[in-house]
Amino acid sequence: MVRFTGRSNDIVTIPSKPIPTGYKVWPIADHGYILSWLWHLKGTGPVGIEKVPRALGQNKTAATVPFLLELLPKRPLGQSYVVWLDNLYS
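We now turn to the structure provided with this report. (Residues numbered from 1 in each chain as written. Predicted model: local features only at pLDDT ≥ 70, side-chain atom pairs only at ≥ 80, totals over all residues. Heavy atoms only, no water.)

## Quick notes on the environment of arginine 75
Right, on to step 1. Residue placement: arginine 75 occurs in the segment after helix H1 (64-70).
Right, on to step 2. On the accessibility criterion, arginine 75 (29% relative accessible area) is partly exposed.
Right, on to step 3. Put simply, arginine 75 and serine 16 are 59 residues apart on the chain and 37 Å apart in space, counted from C-alpha to C-alpha.
Right, on to step 4. Not counting residues up to four positions away in its chain, the partners in contact with arginine 75 are Asp30, His31, Ser80 and Tyr81.
Right, on to step 5. In terms of polar contacts, arginine 75 uses its side chain to reach the backbone carbonyl oxygen of serine 80, at 3.1 Å. (Helix = DSSP H or I, 4+ residues; strand = E, 2+ residues; numbered from the N terminus. Buried < 20%, exposed > 50% of the residue type's maximum accessible area, 1.4 Å probe, protein only. Contact = heavy atoms within 4.5 Å. Polar contact = N/O pair within 3.5 Å; in protein donor to acceptor, adjacent residues only side chain to side chain.)

## Re a nonpolar patch on the surface
Right, on to step 1. Taken together, Ile34, Trp37, Trp39 and Val47 make up a surface patch of nonpolar side chains, about 410 Å² in accessible area.
Right, on to step 2. Following the sequence through the fold, isoleucine 34 ends up in strand E5 (residues 33-41). (Patch = residues over 30% accessible without salt bridge, like charges linked within 9 Å, V, L, I, M, F, W, Y side chains within 5 Å. Areas by Shrake-Rupley, 256 points an atom, 1.4 Å probe, with all protein chains shown as cover. Salt bridge = Lys/Arg side-chain N within 4 Å of Asp/Glu carboxyl O.)

Here it is as structure tokens:
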């Protein structure tokens with residue numbers, strides 16, 4: 001969540017989060033730099049995901065991780081990424 005308390009139709013309130021009110025975003029980062037992110041629109045979910053993999057059904061939220069991982073730059077053979085996920089995806 002990105003804290004925002006002004007007026008906007010896209011603010012989300014989730015009382016159980018450390019930042020309960022603001023914009024919901026899903027970032028992908030490497031070495032401390034955010035490379036890309038997806039915005040959440042109320043009632044629509046993540047913006048930018050048009051095609052959800054068949055194995056995930058119609059769940060755009062579950063498709064955010066594979067979608068963002070595809071945006072990472074390709075690494076040379078033998079090098080890989082370490083990906084941390086919260087309990088939503090486990």
